[in-house]
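These are the residues of each chain, in order.
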Amino acid sequence: MKRALASIVATAAMLLCLADTGQAQQKTLNVWWTEIDPGSIKVMDKVIAEYEKEHPNVKVRLESIAWGTLFQRLVASIGTGSPPDLTHLVPYMVDSLYRKDQLVPITDVVKALGENDIDEPARLVHLNEGQYYGLAYAMGTSHWNYRADLFKEKGLKFPPTTWGEVLQAAQALSTPERPAVTLVGEPFYIDFWFGEFLMNNGGRFVDPKTFKPAFTDRPFIETLAFFRDLSKYAQKGWTNQKFLDTFVLFATDKTAIYPVNFNRLHLFIKKYAQPRMANPEIFAPALPPRGPSLPAGEKTKVLFDAEPWAIIKGAKNVQEAKDFLKVYYRKSLYREMTLTVPLHLSPVLKSIADDPSYEKEPAIREWRSWYEVMRTALRENRAAPLLMTSVQERNPIMLELQGSKVISDMVLDVIVEGRSPEEAAAKGQKKAEELIARLGWKKW
Amino acid sequence: VLGYALIVPSLGLVTGLVLYPLLFNSWLSVFDKHAFLPIETFVGLGNFRELLGDGEFWASLRNGVVYAATTTILQLALGIASALVLHEAFVGRSIARGAILFPYMVPTIVVTIVWRWIFNEQYGFVNVGLAWLGAIDTPVEFLGPNLLMGTVIWVSVWQFFPFVTLAVLGRLQTVPLELYEAAAVDGAGAVKRFRHVTLPQLREVLIVVVLLRGIWMFTKFDTVWLLTGIEASGRYVQTLPVMTYLKTFASMQVGLGAAIGVVMLILQGVVVLTYLRLMREHEEE
């Protein structure tokens, strides 16, 4: 009996060892990404298939994460020691995580792809002390979009170039049934919009040397006031409207001005607008208007939408993640990926973007003016990453500042609760100062 | 020895799943600790002092109390009423009994997406319907700052009242029919029978249901967060569990988040003990 029991135990132990060996050989590469377009997901499936074919011992587990919750999920995963192997980030997150020594450099990937082949702003934004800590999965820029036909009908100046002109147009185009301005209700996007307005009013969130919040500075106060004035002409219920829903609103003739939108909008226009209207002559793009405090001679800037792939320290499969990136940027697949959301997901590889055949793609030809706005902004160095004022800016505290909702809270304090911009800014300043001090970044 | 050995697994589970998290959370609450960096400073009761002076904390507490109290009361009312109806004999009763559990069985994420769609200002079923009937000129902002609490309460009651129905219906089926017959013989009408026969019989089950639903609603995170957390207007219905999440994972202040957890535990402990004591006193009378 004893012998029988011993042999059962021994066999079970052997089987367990074998199973364990088998499992050890098979790795799972956890990839978080934020792209939602069904076409992009299909191409990503191709990337995964190709990668898994070349790396039969690795299984890729792709997880779609909403931008609005990426940050919290990432913090939880880092805190519990189980970050994804590869993830999308936002540039200001890269800088913040780099300063906290939480990122693995991917310089070898950048060099393998050809450093000179990567668009300069997309590359430089993640260069820290000679090492790259992120690489944009694609890039694009923001612009303001207007219903040019309605502007013409009302005899309004097109495009508006100052905040004052925008407000005049908003007033002229608004009716009780159809307010003119589209606003988005997700704090994540409210912050970005505010950042764009602020940058184009000569302001900034914090002092770059001391990290002291600059919320009580004049450009900041003016920006809060502008947001408030713009909201007077915004669609009903905007404080709870999701980003993509607002694209549909604009496309379906429910509003006439869409501030700070990204080129993904054109797909919604094609899908939802009346066919006779679904063209760039009706939905016309323009570079952002300027605020009253932007120094004369300084050009307005657009948001540089270049979310990078990054590897968090503590990831279990760093080399596999790097190998995955090399497959992701493989030219045939990458070109196909960027064309799933043309204009919005522009390639960071110059060999693709500058290829004359790329510009001949139907969507780019059809929406040429949109493409040109982006090219102009990039050519004239007028693109600044979200919540930053240039690709050179480094700011370690934007991650926490954005996560604390202090920016969107100020906007709501002014718009929903009717506080004065000065009062809201003072409240936000206090909260931000306390947060920065608590995090150990206070240098003032 | 065998007796002690047999309780070891239970003891292990209680220690691992209840005691350790409680103690760890209490330990965290006296530190100023970053969410993932190895930065921690002992601050004693500093986090609690900070909370007491924080308007956001008091607003979240107020929202939480309003939310928990209102939803619990409405769930009770709806749950008891539906249980009484389902206790009666009628054609299709079995189907109705199954169907009423539907809201409780649907995953919260589905519930919140569907109700967000129904209440949407631009394309929501309710607003479109009201406009079509000519009842409104402009959309009602069910998800806007002013009505959001009402909407969250409505969705939560809809989602969780079947729990009360189930518990009450189960108890109703064990109430001896003789009690009703005797009451009828004594001339008691439907209302009196409910008040003097049904309610006393439901007493024990209602005590438990109020306790459980009250605790669960006060600590409810998923429904509130998924319905309101992503949008700016969410701050107008922010409850303590949501504030805990945001402090911990958005502002990365784990100590502060843990302190909110401790405060919630103490508050609930006080309320539960007071409630049970009152019930016991009432019973003794």
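A brief report on the enclosed structure follows. (Residues numbered from 1 in each chain as written. Chains lettered and ligands numbered in written order. Predicted model: local features only at pLDDT ≥ 70, side-chain atom pairs only at ≥ 80, totals over all residues. Heavy atoms only, no water.)

1. Details of the overall build of chain B
For chain B, the count of helices and strands is 13 helices and two strands. Summarising its shape, the C-alpha atoms of chain B cover approximately 75 × 70 × 35 Å along the three principal directions. The buried share among the 285 residues of chain B stands at 44%. Carbon together with sulfur atoms contributes 72% to the accessible area of chain B, which is approximately 15,300 Å² in total. (Helix = DSSP H or I, 4+ residues; strand = E, 2+ residues; numbered from the N terminus. Buried < 20%, exposed > 50% of the residue type's maximum accessible area, 1.4 Å probe, protein only. Areas by Shrake-Rupley, 256 points an atom, 1.4 Å probe, with all protein chains shown as cover.)

2. Quick look at the pattern of salt bridges
Applying the stated rule across the entire model yields 48 salt bridges over all chains. Residues participating in the shared-partner salt-bridge network are D409, D413, E417, R419, K427 and K431 of chain A together with R235 of chain B. (Salt bridge = Lys/Arg side-chain N within 4 Å of Asp/Glu carboxyl O.)

3. Regarding the side chain of R394 of chain A
All names here are of chain A. Looking at the element boundaries, R394 is found in the loop between β13 (383-385) and α19 (398-403). Here R394 is buried and forms no salt bridge, its nearest opposite-charge partner D95 lying at an N-O distance of 4.1 Å. For R394, the side chain forms a polar contact with the main-chain oxygen of L124, separated by 2.9 Å. In terms of polar contacts, R394 uses its side chain to reach the side chain of N128, at 3.0 Å. The residues touching R394, leaving out its near neighbours within four places in the chain, are D95, R99, L124, V125, H126, L127, N128 and M388. (Lys, Arg positive; Asp, Glu negative; His and termini not counted. Polar contact = N/O pair within 3.5 Å; in protein donor to acceptor, adjacent residues only side chain to side chain. Contact = heavy atoms within 4.5 Å.)

4. Some words on the interface of chain A and chain B
Of the residues lining the interface, 38 residues belong to chain A; the matching set on chain B comes to 36 residues. Interface area for chain A against chain B, summed over the two sides, is near 3,100 Å², with a carbon-plus-sulfur share of 55%. Sorting the residues of chain A by area buried against chain B places K236, N240 and R438 of chain A first, and these three jointly supply 24% of that buried surface. Summed over the shared surface of chain A and chain B, the number is seven salt bridges. A salt bridge links D409 of chain A to R235 of chain B; the nearest nitrogen and oxygen atoms lie 3.1 Å apart. Remark: the boundary between chain A and chain B carries 17 residue pairs in polar contact (both at pLDDT 80 or more). Residue assignment for the side of chain A that touches chain B shows that the elements contributing at least two residues are α3 (67-79), α9 (187-199), α11 (243-251), α19, α20 (406-415) and α21 (421-438) of chain A. Ranked by residue count, the leading element in the side of chain A that touches chain B is α3 of chain A, at seven residues. Residue classes in the side of chain A that touches chain B are distributed as 13 nonpolar, 12 polar and 13 charged. (Buried area = accessible area lost by both parts, 1.4 Å probe. Nonpolar A, V, L, I, M, F, W, Y, C, P; charged D, E, K, R; others polar.)

5. Focus on the layout of surface pockets
The calculated volume of the largest pocket comes to roughly 1,100 Å³. Around the largest pocket, the lining comprises 41 residues; the ones closest to its centre are A66, W67, E186, K242 and L244 of chain A. Those elements giving two or more residues to the lining of the largest pocket turn out to be α3, α9 and α11 of chain A together with α6 (108-119) and α11 (222-228) of chain B. By residue number, the principal contributor to the lining of the largest pocket is α6 of chain B, which donates five residues. Its residues placed into classes, the lining of the largest pocket shows 24 nonpolar, eight polar and nine charged. Roughly 970 Å³ of volume is contained in the second largest pocket. If you go around the second largest pocket, you meet 41 residues; those closest to its centre are D409, K427 and K431 of chain A together with D54 and E56 of chain B. (1 Å grid on protein atoms, 1.4 Å probe; cavity = no way out; pocket = protein on both sides within 12 Å on 5 of 7 lines; lining within 4 Å. Points joined across faces, edges and corners; volume = space filled by probe spheres on them.)

6. Section: empty space enclosed by the protein
Counting across every chain of the model gives three cavities of 30 Å³ or more. For the largest cavity, the lining is made up of 13 residues, of which G68, Q72, P187, F188 and K405 of chain A are closest to its centre. Here the lining of the largest cavity takes four residues from α3 of chain A, the largest share from any one element. Of the residues in the lining of the largest cavity, the class split is seven nonpolar, five polar and one charged. Counted as a void, the second largest cavity has a volume near 40 Å³. Forming the walls of the second largest cavity are P187, K405, S408, D409 and L412 of chain A together with E231, A232, G234 and R235 of chain B. Sorting elements by how many residues they give to the lining of the second largest cavity places α20 of chain A first, with three residues.

7. Quick notes on a nonpolar patch on the surface
Residues and elements named next belong to chain B. On the surface, L13, V14, L17, V18, L22 and L265 cluster together to form a nonpolar patch covering roughly 560 Å² of accessible area. Looking at the nonpolar patch element by element, the count peaks at five residues for helix α1 (residues 2-28). Tracing the sequence through the fold places L17 in helix α1. (Patch = residues over 30% accessible without salt bridge, like charges linked within 9 Å, V, L, I, M, F, W, Y side chains within 5 Å.)

8. Considering unusual backbone geometry
Residue and element names in this part refer to chain A. Of the consecutive residues F158 and P159, the connecting peptide bond is found in the cis state with omega at -10°. Residue placement: P159 occurs in the loop between α7 (148-154) and α8 (163-173). Positive phi outside glycine occurs at E129, with the angle close to 45°. Along the chain, the position of E129 falls in the loop between β5 (127-128) and β6 (131-132). Overall, the relative accessible area of 74% leaves E129 in the exposed class. With a phi angle near 70°, D253 is a residue other than glycine that sits in the positive phi range. Mapping D253 onto the fold places it in the loop between α11 and β9 (257-262).

9. Describing the pairing of strand β11 (residues 302-305) of chain A
All names here are of chain A. One ladder, built from two bridges, connects strand β8 (residues 140-147) with β11; its direction is antiparallel. Within the sheet, the bridge partner assigned to T141 lies in β11 and is F304. The pairing of β11 with β13 spans three bridges and is classified as parallel. From the neighbouring strand, L303 faces β13, where its bridge partner is A384. (Pairing = 2+ DSSP bridges.)

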